[in-house]
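Below, each chain spelled out in residue letters.
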Amino acid sequence: MANDVTRRWRYRMGVALLTTLGSYSMSLHAMPLEATTETLPLTINTEEYPPFNYSDGQGRITGSATLLLRDALRQADIEAYFRLLPWARAYTEARLRDNHCVYSTTRTQEREALFQWVGPLVVNEWAAFSLAERELSIASLSELHAWRVGSFREDAVGDYVASSGINVLLAPSERENIARLKAGLLDVIVTGKATGEFMAQEQDIALAHLFTFYRAPLYLACHPSVSEALLARLQTQLDALNVQKESQ
């Protein structure tokens with residue numbers, strides 16, 4: 001008799017447990033995807049691209065675009081984890097991995113559908129530089145065909161110049177380009193004007209600004225999996241900060 005009571009008790013407990021687990025599983029499936037992804041912290045990749053984003057030498061990622069983005073994230077109450085990587089890896093991970101973003105990114109036609117966009121963060125002037133001691137006289141992109149021109153992988157500036165039919169030699173990073181220029185392996189580098197000037201001063205190299213050929217706003221580019229509502233909240237805070245900055 002006792003065994004029958006025990007078996008009936010175990011059977012009822014088993015049914016109750018299965019019912020509870022089934023209800024819990026159904027509630028998870030019924031939960032909107034956005035409600036789960038929006039609570040995850042963003043992984044935000046960037047590169048060494050001063051003065052917009054770079055390491056301050058003590059392991060902290062800083063720069064004008066970084067500080068603005070951090071302020072907007074804080075005011076939007078969005079948790080984010082920043083990583084400093086080589087540009088090609090930073091860009092590729094944001095393109096392929098859920099909940100990843102990358103900045104400071106040029107918003108081109110080829111990239112438009114690959115990401116969700118927040119910005120602009122800053123405006124980047126694209127320019128050509130040479131060593132000042134070379135005293136080169138070059139005034140336009142069309143005159144670069146006869147020279148060794150350097151850029152770096154997955155960079156919109158180099159891609160734009162290459163689309164003009166100019167052979168562009170690609171380095172792993174922007175700082176590598178400066179070193180190649182100094183070593184005489186390049187005649188000209190194409191990069192952001194502020195970036196070229198910053199790195200030249202950092203490495204005590206005298207550069208000559210040859211010409212500026214484009215102005216490009218830079219953005220935060222996020223994987224399509226990132227919550228649209230979250231990014232809209234971030235855009236609202238960023239717009240408010242930009243208005244505040246312009247009024248100062």
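Cut-offs applied
- Residues numbered from 1 in each chain as written.
- Predicted model: local features only at pLDDT ≥ 70, side-chain atom pairs only at ≥ 80, totals over all residues.
- Heavy atoms only, no water.
- 1 Å grid on protein atoms, 1.4 Å probe; cavity = no way out; pocket = protein on both sides within 12 Å on 5 of 7 lines; lining within 4 Å.
- Points joined across faces, edges and corners; volume = space filled by probe spheres on them.
- Helix = DSSP H or I, 4+ residues; strand = E, 2+ residues; numbered from the N terminus.
- Nonpolar A, V, L, I, M, F, W, Y, C, P; charged D, E, K, R; others polar.
- pLDDT = per-residue confidence, 0-100.
- Contact = heavy atoms within 4.5 Å.
- Pairing = 2+ DSSP bridges.
- Axes fitted to C-alpha atoms, helices over the stretch in contact; angles between N-to-C directions.
- Salt bridge = Lys/Arg side-chain N within 4 Å of Asp/Glu carboxyl O.
- Buried < 20%, exposed > 50% of the residue type's maximum accessible area, 1.4 Å probe, protein only.
- Expected span 1.5 Å × (residues − 1).
- Arc of directions from axis to C-beta.

**Student:** Help me out: how do you make sense of the layout of surface pockets in this one?
**Tutor:** Remark: the empty space left among the atoms is shown by a probe the size of a water molecule rolled over them. Taken as a whole, the largest pocket encloses approximately 240 Å³ of empty space. Lining the largest pocket are 16 residues, and of these T106, T108, E110, W126 and A156 sit closest to its centre. When residues of the lining of the largest pocket are assigned to their parent elements, the largest contribution, four residues, is made by strand β10 (residues 207–222). In terms of residue class, the lining of the largest pocket is made up of eight nonpolar, four polar and four charged.

**Student:** Teacher, can you tell me more about the confidence of the model for the protein chain here?
**Tutor:** Any segment with low pLDDT has predicted coordinates that should not be analysed in fine detail. Confidence along the protein chain averages 88 in pLDDT terms, with 85% of residues attaining 70 or more. Counting contacts from residues 15–35, a segment whose pLDDT is below 50, to residues more than four positions away or on other chains yields four contacts.

**Student:** Just checking my understanding: could you explain the sheet that holds strand β7 (residues 149–152) for this structure?
**Tutor:** Note: strands within a sheet are paired through backbone hydrogen bonds, in either parallel or antiparallel orientation. Taken in spatial order, the eight strands make up an open sheet running β4-β1-β5-β10-β6-β9-β7-β8, and their pairing is mixed. Each having just a single partner strand, β4 (80–84) and β8 (168–171) make up the two edges of the open sheet. Ignoring which end each strand starts from, the neighbouring axes of this sheet average 30° apart. Pairing between β7 and strand β9 (residues 188–192): two bridges, direction parallel.

**Student:** What is the right way to look at the pattern of salt bridges in this model?
**Tutor:** It is possible for side chains of opposite charge to pair when their charged atoms get near one another. This model, assessed by the stated rule, comprises 13 salt bridges. With its nearest N and O atoms 2.9 Å apart, the salt bridge here joins R60 to D56. On the basis of relative accessibility, which here comes to 30%, the residue D56 falls in the partly exposed class. Residue E125 is joined to R215 by a salt bridge in which the shortest nitrogen-to-oxygen separation is 3.0 Å. Of the two residues, E125 is situated in strand β6 (residues 116–131) and R215 in strand β10; the sequence distance between them amounts to 90 residues. Among the residues examined, E125 registers a relative accessible area of 30% and is labelled partly exposed. Residue classification places R215 among the exposed residues on the basis of a relative accessible area of 53%. Overlapping salt bridges bring together R83, R89, E93 and R97 as one network.

**Student:** Please explain the side chain of N242 as it appears in this structure.
**Tutor:** Mapped onto the secondary structure, N242 falls in helix α8 (residues 228–247). Leaving out residues up to four positions away in the same chain, N242 has contacts with L68 and P120.

**Student:** How do you make sense of unusual backbone geometry when you look at a structure like this?
**Tutor:** For residues besides glycine, phi is generally negative; the peptide bonds are generally trans as well. The peptide bond linking P50 to P51 adopts the cis configuration, its omega dihedral lying at 5°. Counting through the fold element by element, P51 comes out in the loop between β1 (42–46) and β2 (54–55). Looking along the chain, the bond that leaves G119 and enters P120 is cis, with omega of 5°. Residue D77 is not a glycine yet carries a positive backbone phi of 60°. At N99, a position not held by glycine, the phi torsion is positive, near 60°.

**Student:** Hey, could you run me through helix α3 (residues 64–75) in this one?
**Tutor:** Given 3.6 residues to a turn, an α-helix orients residues that are three or four positions apart in the same direction. Here α3 is 12 residues long and its end C-alpha atoms lie 17 Å apart, about the 16 Å a rise of 1.5 Å per residue gives. Residues of α3 that are buried include every one of A65, T66, L68, L69, A72 and L73, and no others. All buried residues of α3 fall inside an arc of 165° around its axis, so they share one side. Two residues or fewer after α3 comes D77, characterised by a positive phi angle close to 60°.

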